[in-house]
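The chain contents come next:
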Amino acid sequence: MLEVQSVPVQTTDPVNAAILSVSEDKIQGFHADPLGEIARVSGVHEDVVIERIRAMLQAGTIRRVRQTLMATNLAPGSLVAWQVPEEKLQSAFDWMFQNDPFSGHVVIRTTDAPIAGARYRLWTTLKVPQGFSMDAHCEFLMSQTGATAYKLMPAKRLFALGVGHVRRRLLEPGAKSDEPGAVVNTIIATLSPLEWRVLTSLKRELAPEELGENLWQGRADEAEVSLDDFLSIARDLNARGIIGRFSTFLEHAKQLQGGERVTRFNALFHWRVPEGREIDAGREVGRFHIMTHAYWREGGPEFNNVNIMGVAHGTDKNLVLAHKAAIDTHLENIGIHVDYTNVFWGGRSEIKPSEVSPFIYENWAKEQGII
């Protein structure tokens, strides 16, 4: 165990805040020396960056450090809303989080809107690799959890993807970029077995003792390739749009040591805009800095046919709603009429990376009797 007793681990510490404002979601793509890149962008010396990230990871302030992937380009995925009897809701939550490597975000949500979708309390993200059935996977999850219905809502386009909770704390409602959000398509790439081997080693979260110089040597050894080959393959995957960002993920849903909470409210916003304006509306929602995710998804009649969804976090519920009101006003002002809108508030939540490897899925599905 590394000695970190004297190192501040609060996100409010000025040095930590400077590091986290970069390391949460600003190091895009693959870097041979991602910690050095965090140091360069943040202006904090690399030795200090390493010391502070190690300390925050060990203290639980940071819940994981890893190279993320553009999972939408690696395996078909979907947001899934589940109907679960109230008495089975917590156990279903536990099962999804603990036993399904392919379910990522697991959240219990509520809404006060009088819609059929209010019965869908459990929400997850799901990745099922090419060649396998998402419906078969969901039917299996229903048999294990007692869920009575599910609704798949795959993303047709992405418009915002970044977490940056520390950076977003001081945002004023309406803060947005000068340009609309980029449009990211969901085209699935084909990888060779060697590329999957490198990618599997690359994406696994890093332990504190791995955070240092020559970060990727151990992962190259694990993948049974030279460091030069590992870096070359990773750079090629990056050029193909498969690599996401190098990121430090904060434990934002739970109280930290000393009582700190990074955020308190997790809001899933729903909008229905006219057919044909989905990409326009998604790009406009994606330009607002408060949004951590924004997608074109079809909610169907259960959710009043919403087609734009997004997630925002904050420490004050009224402030989160003020951010949403600013987005609503902006859409109307530029001529994108919102026919219906709603908020699903997050309660209990757990987050883990969704597994995307077809080889791991096949072995798991055989063990579970799905195939």
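For the structure, check the block above.
I will try to describe carefully the structure that is included in this document. Everything quoted here is computed from the prediction, not taken from an experiment. (Residues numbered from 1 in each chain as written. Predicted model: local features only at pLDDT ≥ 70, side-chain atom pairs only at ≥ 80, totals over all residues. Heavy atoms only, no water.)

### A word on unusual backbone geometry
Okay, step 1: For Glu224, which is not a glycine, the phi torsion comes out positive at approximately 60 degrees.
Okay, step 2: Tracing the chain through its elements places Glu224 in the loop between α8 (217–223) and α9 (227–239).
Okay, step 3: You will see that Asn305, though not glycine, has its phi angle at about 55 degrees, which is positive.
Okay, step 4: Looking at the secondary structure, you find Asn305 in the loop between β10 (291–297) and β11 (308–314).
Okay, step 5: A relative accessible area of 42% means that Asn305 is categorised as partly exposed. (Helix = DSSP H or I, 4+ residues; strand = E, 2+ residues; numbered from the N terminus. Buried < 20%, exposed > 50% of the residue type's maximum accessible area, 1.4 Å probe, protein only.)

### Here's the deal with the pairing of strand β9 (residues 265–272)
Okay, step 1: Across the eight residues of β9, six count as buried, placing the element largely inside the fold.
Okay, step 2: Where β9 meets β11, seven bridges bridge the pair, whose relative direction is antiparallel. Looking at β11, one finds that His270 is bridged to Met309.
Okay, step 3: Sheet analysis places β9 next to strand β12 (residues 340–350), joined by six bridges and oriented antiparallel. The residue of β12 that forms the bridge with Leu268 is Phe344. (Pairing = 2+ DSSP bridges.)

### A word on the environment of Phe249
Okay, step 1: Turning to its location among the elements, Phe249 is positioned in strand β8 (residues 243–250).
Okay, step 2: The class of Phe249 is buried, set by a relative accessible area of 13%.
Okay, step 3: Sequence separation between Phe249 and Arg64 is 185 residues, and the spatial gap between their C-alpha atoms is 5.4 Å.
Okay, step 4: The residues contacting Phe249, other than those within four sequence positions of it, are Thr61, Ile62, Arg63, Arg64, Arg66 and Thr68. (Contact = heavy atoms within 4.5 Å.)

### So, the side chain of Lys352
Okay, step 1: Inspection of the secondary structure assignment puts Lys352 in the loop between β12 and α12 (358–368).
Okay, step 2: Summary of buried charges: Lys352 has no salt-bridge partner, and the nearest side chain of opposite charge, Asp100, is 6.4 Å away.
Okay, step 3: A distance of 3.2 Å separates a polar side-chain atom of Lys352 from the backbone oxygen of Phe97.
Okay, step 4: Here Asp100 takes part through its backbone oxygen, which lies 3.2 Å from a polar atom of the side chain of Lys352. (Lys, Arg positive; Asp, Glu negative; His and termini not counted. Salt bridge = Lys/Arg side-chain N within 4 Å of Asp/Glu carboxyl O. Polar contact = N/O pair within 3.5 Å; in protein donor to acceptor, adjacent residues only side chain to side chain.)

### Some points on the environment of Lys151
Okay, step 1: Along the chain, Lys151 falls in strand β6 (residues 149–153).
Okay, step 2: When the C-alpha atoms of Lys151 and Leu79 are compared, they prove to be 8.2 Å apart, with 72 residues separating the residues in sequence.
Okay, step 3: Dropping the residues within four chain positions of it, Lys151 is found in contact with Leu79, Val80, Ala81, Tyr120, Glu298, Gly299, Gly300, Glu302 and Phe303.

### Quick look at the packing of aromatic side chains
Okay, step 1: Under the defined criterion, the tally for this structure stands at 16 aromatic pairs.
Okay, step 2: With a centroid separation of 5.4 Å and 50 degrees between ring planes, the pair formed by Tyr120 and Phe303 is classed as tilted. Of this pair, Tyr120 sits in strand β5 (residues 120–127) while Phe303 sits in the loop between β10 and β11; the two residues are 183 residues apart in sequence, bridging distant segments of the chain.
Okay, step 3: For Tyr120, a relative accessible area of 5% gives the class buried.
Okay, step 4: Aromatic pair Trp123 and Phe303: ring centres 5.4 Å apart, planes at 55 degrees, arrangement tilted. (Phe/Tyr/Trp six-rings, centres within 6.5 Å; stacked < 30°, edge-to-face > 60°.)

### Side note on helix α1 (residues 14–23)
Okay, step 1: For α1, the complete set of buried residues consists of Asn16, Ile19, Leu20, Val22 and Ser23. Along α1, the residues classed as buried sweep out an arc of 160 degrees about the axis, all on the same side.
Okay, step 2: Regarding α1, its N-cap is Asp13, as a side-chain oxygen of that residue lies 3.1 Å from the backbone nitrogen of Val15 further along. (Arc of directions from axis to C-beta.)

### As for the side chain of Glu37
Okay, step 1: You can see Glu37 is positioned in helix α2 (residues 34–42).
Okay, step 2: Look at Glu37 and you get buried, because its relative accessible area is 19%.
Okay, step 3: The residues touching Glu37, leaving out its near neighbours within four places in the chain, are Ile27 and His31.

### Structural notes on a negative patch on the surface
Okay, step 1: Negative charge collects at one region of the surface, where Asp33, Asp47, Glu51 and Glu213 lie side by side.
Okay, step 2: Summarising the element assignment, Asp47 is placed in helix α3 (residues 46–59).
Okay, step 3: Note on Asp47: relative accessible area 51%, which makes it exposed. (Patch = residues over 30% accessible without salt bridge, like charges linked within 9 Å, V, L, I, M, F, W, Y side chains within 5 Å. Areas by Shrake-Rupley, 256 points an atom, 1.4 Å probe, with all protein chains shown as cover. Charge placed at Lys NZ, Arg CZ, Asp CG, Glu CD.)

### Quick word on the nonpolar core
A general tendency of soluble globular proteins is for nonpolar side chains to be buried together.
Okay, step 1: Among the nonpolar cores identified, the biggest contains 46 residues, and Ile38, Ile53, Leu199, Trp216, Phe230 and Phe246 are the most heavily contacted of them.
Okay, step 2: Secondary structure elements with two or more residues in this core: α1, α2, α3, β2 (62–69), α7 (193–203), α8, α9 and β8.
Okay, step 3: In this view, Leu199 contacts Leu69, Leu74, Leu191, Leu237, Ile242 and Ile243; residues no more than four positions away in its chain are not counted.
Okay, step 4: With 24 residues, the next largest nonpolar core counts Val106, Val128, Phe140 and Ala147 among its residues. (Core = buried A, V, L, I, M, F, W, Y, C linked by side-chain atoms within 4.5 Å.)

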